[in-house]
Amino acid sequence: FDPNVFLTSRLAPDMFPLTRQVQIACDFCKGVMARLGGVENPAMADTETTFAGLKERVAKTRAFVESVPESGFAGAETRTLQLKAGPREFELQGMPYLVGYALPNLYFHMSMAYAILRHNGVDLGKQDFLGSV
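What counts and what doesn't
- Sequence order as written defines the numbering, with residues in each chain counted from 1.
- In keeping with the model being predicted, local features are shown solely for residues with a pLDDT of at least 70 and side-chain atom pairs are shown and tallied solely at 80 or more, while totals for entire chains, interfaces and linings include all residues.
- Working from all heavy atoms in the structure, the side-chain values ignore hydrogens and water.
- In this text, helices come from DSSP runs of H or I with a minimum length of four residues, and strands from runs of E with a minimum of two, each type numbered from the N-terminal end.
- Only protein chains enter the accessibility calculation, which uses a 1.4 Å probe; a residue is then buried when its area is under 20% of its type maximum, exposed when over 50%, and partly exposed in between.
- We score Asp and Glu as negative and Lys and Arg as positive, and we do not count His or the chain ends.
- Whenever Lys or Arg places a side-chain nitrogen within 4 Å of a carboxyl oxygen from Asp or Glu, that contact is recorded as a salt bridge.
- Note on contacts: a residue pair qualifies if any of its non-hydrogen atoms lie within 4.5 Å across the two residues.
- Aromatic pairs are defined between Phe, Tyr and Trp rings, using the six-membered ring for Trp, whenever the two ring centres lie within 6.5 Å; interplanar angles under 30 degrees are classed as stacked, those over 60 as edge-to-face, and all others as tilted.
- Placement of a positive charge over a ring is assigned whenever Lys NZ or Arg CZ falls within 6 Å of the ring centre and within 35 degrees of the normal to the ring plane.
- Lines are fitted to the C-alpha atoms to define the axes, a helix being fitted only along its stretch in contact, and any angle between axes, read from their N-to-C directions, falls within 0 to 180 degrees.
- Any angle between 65 and 115 degrees counts as roughly perpendicular, while under 35 counts as roughly parallel, over 145 as roughly antiparallel, and the rest as oblique.

Caption draft 1: Representation of the side chain of K30 within the structure. Structurally, K30 is set in helix α1 (residues 18-37). Notably, K30 is buried but unbridged: the nearest opposite-charge side chain belongs to D27, and the N-O separation is 4.0 Å. Excluding residues within four positions of it along the chain, K30 makes contact with N41, P42, A43, M44, T61 and F64.

Structure representation (structure tokens):
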């Protein structure tokens with residue numbers, strides 16, 4: 001079985017494939033940290049076509065997340081954020097953005113990536129998704 005088949009796999013014809021699920025999950029991670037941490041959100045082109053490329057994107061995202069200074073989060077829960085999601089533009093304060101929009105979207109795309117891999121026979125379990133709690 002060619003592992004690269006996973007990259008274009010999806011659970012339904014109208015859903016994003018694994019590659020896009022990972023890209024969007026990374027975008028939510030860095031977007032949350034940038035918006036609530038008061039720093040510039042680094043642009044990442046959605047050009048990954050291999051597992052190596054996806055791993056590099058995850059590593060870059062993680063490095064960015066870890067680089068955001070804690071001091072930038074002061075008052076983030078009430079900070080007013082201007083957001084654009086597709087053609088929609090809206091405004092939310094920090095806490096409602098985090099709890100009601102960003103985290104649900106992040107978990108959704110992470111869950112879809114997990115489900116695509118499981119569906120295609122990758123030996124993953126709930127603990128792999130949750131990590132060490």
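On we go from here.
Caption draft 2: The pattern of salt bridges, seen in detail. As enumerated under the stated definition, the model contains 7 salt bridges in all. Connected via shared salt-bridge partners are R20, D27, D46, E48 and R57.

Caption draft 3: Representation of the packing of aromatic side chains in the model. Evaluated as defined, the whole model comprises 5 aromatic pairs. Judged by centre distance (5.8 Å) and plane angle (70°), the ring pair of Y114 and F129 falls under edge-to-face. With Y114 in helix α3 (residues 94-119) and F129 in helix α4 (residues 126-130), this residue pair connects regions lying 15 residues apart in the sequence. Accessibility expressed as a relative area gives 22% for Y114, which makes it partly exposed. Taking the relative accessible area as the measure of exposure, F129 reaches 28% and is therefore partly exposed. Taken together, the ring pairs connect F28, F90, Y97 and Y101 into an aromatic cluster. Note that R20 overlies the ring of F16, its terminal NZ or CZ placed 5.7 Å from the centroid. Seen from the ring of F90, R88 lies directly overhead, with NZ or CZ sitting 4.5 Å from the centre.

Caption draft 4: Highlighting the packing of α1 against helix α2 (residues 51-67). Between α1 and α2, the shortest axis-to-axis distance is 9 Å and the interhelical angle comes to 10°. Taken together, the axes of α1 and α2 are roughly parallel relative to one another. Each of L18, T19, V22, Q23, C26, D27, C29, K30, M33 and A34 in α1 lies in contact with α2, whose residues at this interface are F51, L54, R57, V58, T61, F64 and V65.

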